[in-house]
Each structure stands twice: as C-alpha cells, then as structure tokens.
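# Inside the fold
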Amino acid sequence: MSVSTMTTEQALTQWEPLVRKLALRFACRHPRMRMEYDDWAQEARIAAYDALSDYDDSMGASVKTYLYSRISWRLGDVVKERNRRREYLRLVFSEEAMTAANPVSPDEPQGTRLFREEFVRMLLANRLLPKDVSVFVRHVFDGERQRDIASEEGVSPSRISQRVLKVRDWVK
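Residues numbered from 1 in each chain as written. Predicted model: local features only at pLDDT ≥ 70, side-chain atom pairs only at ≥ 80, totals over all residues. Heavy atoms only, no water.

### Side note on helix α2 (residues 16–29)
In this model α2 runs 20 Å from its N-terminal to its C-terminal C-alpha over 14 residues, within 8% of the 20 Å that 1.5 Å per residue would give. Within the sequence span of α2, burial applies to E16, L18, V19, L22, A23, F26 and A27. End-on, the buried residues of α2 take up no more than an arc of 165°, which puts them together on one face. Facing away from the buried side of α2, by more than 90 degrees, are the exposed residues P17, C28 and R29. (Helix = DSSP H or I, 4+ residues; strand = E, 2+ residues; numbered from the N terminus. Expected span 1.5 Å × (residues − 1). Buried < 20%, exposed > 50% of the residue type's maximum accessible area, 1.4 Å probe, protein only. Arc of directions from axis to C-beta.)

Here is the structure:
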C-alpha cells in the first residue's frame, strides 16, 4: 500500500518506529535541553504529519528518506530555538539588564522592591527592550513625568510616550 492511498493516520502508525527512533536519538544527544522523551516524540510526530501531507512520489526520494530528513530538520530547529531562547534569557537576566531597566532607590520598601523586580523580569523575558521597560517603570512606578524623562534621556516627549505605550500595550 503506497503512502498516497493510505490515510494520514495509517501512514503515521506505519512510520511510528522511525518517529520514536529519531525522538530517542535527539533526547539522548541533547540531555541539557531538559525536554522529556514524550516532548521530543510529539515534535517528531508533528514533523511526520507535515511531511506525509507534503510528500509527493515524483520527488524522487523514498518516503523513509523524506520523513527522516523532515523529522531531523524539525528536531534540529527545536534545538536551535531552545538554545537561542536560553541565550536570550541569560542576557536578559544579567545584572546589567536588570540594573538598566530597574533603577531602585535604597529607601523603597522590600515588598515593593520584590514586586517591581519580578515585574521587570517578566517584561524583559517577553523581549521588551530594557530602555522601554526602564521608561515605563520610571513613569508608572516612580511617577516621573514623561517630559522630565525625555529631557534627561535627550529624546522627544513623544518618543517617551511611544515607549510607555509599547510596554502598556503588552501588559494589557
């Protein structure tokens, strides 16, 4: 029975051993990824489903070769994305980023400081720029006027307003 005459479920069932083999290979090769085998297998199944949907006999490759390539590419992309995300978070949560985005006064109460630090970490983790977060924190938490921040930063008040709105839109 060729792939074109099978239903997608039948084809996925037939190629499940290949899916599991590749998932296990990636799980063993990348233990620092902290992904369960089931997560790798699910990613591999998604790739297999996409590959079986796109497969064409006239491509010149066997189904097994095509599936192997597509699943490997997909799992490789997962590795790259997770590494990119880990590196980004390492940079974001560095002391320099926290200091730049969250100027804290020494007389601020401990509870407020902890809430503020967590809030800033959350904003930075969601790929908002430290400059934008800093302006938002100074305007909202510290009550500084946008004009004062603009004159201190050397930019127009409208630019400060844009930064505040950018963060506010994300928070909503």
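### Observations concerning helix α3 (residues 37–54)
Its 18 residues give α3 an end-to-end C-alpha distance of 26 Å, which sits within 8% of 26 Å, the value for a rise of 1.5 Å per residue. Looking at α3, one finds that the buried residues are W40, A41, A44, A47, A48, A51 and L52. Down the axis of α3, the sector holding all buried residues measures 135°, keeping them to one side.

### Looking at the packing of aromatic side chains
Going through the model one piece at a time under the given rule, you end up with 2 aromatic pairs. When the centroid spacing of 5.8 Å and the interplanar angle of 35° are considered together, the rings of F26 and W40 count as tilted. In this pair, F26 is assigned in helix α2 and W40 in helix α3, connecting sequence segments 14 residues apart. (Phe/Tyr/Trp six-rings, centres within 6.5 Å; stacked < 30°, edge-to-face > 60°.)

### Topic: the packing of α2 against α3
Relative orientation of the contacting elements α2 and α3 amounts to 135°, with a least axis distance of 8 Å. With respect to α3, the axis of α2 lies oblique. Crossing handedness for the pair α2 and α3: right-handed. Where α2 abuts α3, its residues E16, V19, R20, A23, L24, F26 and A27 lie against Y37, W40, A41, A44, R45 and A48. A breakdown of the residues in the contact of α2 with α3 according to their chemical character gives 10 nonpolar, no polar and 3 charged. (Axes fitted to C-alpha atoms, helices over the stretch in contact; angles between N-to-C directions. Parallel < 35°, antiparallel > 145°, perpendicular 65-115°, else oblique. Left-handed = near helix turned anticlockwise from the far one by under 90°. Contact = heavy atoms within 4.5 Å. Nonpolar A, V, L, I, M, F, W, Y, C, P; charged D, E, K, R; others polar.)

### Focus on the pattern of salt bridges
The tally for this structure, following the rule as stated, stands at 6 salt bridges. Here E16 makes a salt bridge to R20, at a shortest N to O gap of 3.1 Å. Remark: R20 and E16 occur in helix α2; sequence separation between them is 4 residues, near one turn of the helix. Measuring nitrogen to oxygen at the nearest pair gives 3.0 Å for the salt bridge that ties R74 to E43. Taken as a pair, R74 in helix α4 (residues 63–92) and E43 in helix α3 lie far apart in primary sequence, 31 residues in all. Residue E43 is classed as partly exposed on the basis of its relative accessible area of 22%. (Salt bridge = Lys/Arg side-chain N within 4 Å of Asp/Glu carboxyl O.)

### Description of the nonpolar core
Among the nonpolar cores identified, the biggest contains 26 residues, and W40, L67, I71 and L75 are the most heavily contacted of them. Secondary structure elements with two or more residues in this core: α2, α3 and α4. For L67, the contacting residues outside a window of four places in its chain are W15, L18, A48, A51 and L52. Grouped together as the second largest cluster of nonpolar side chains are 11 residues, V120, I149, A150 and I160 included. (Core = buried A, V, L, I, M, F, W, Y, C linked by side-chain atoms within 4.5 Å.)

What is shown is where atoms sit, not what they do.
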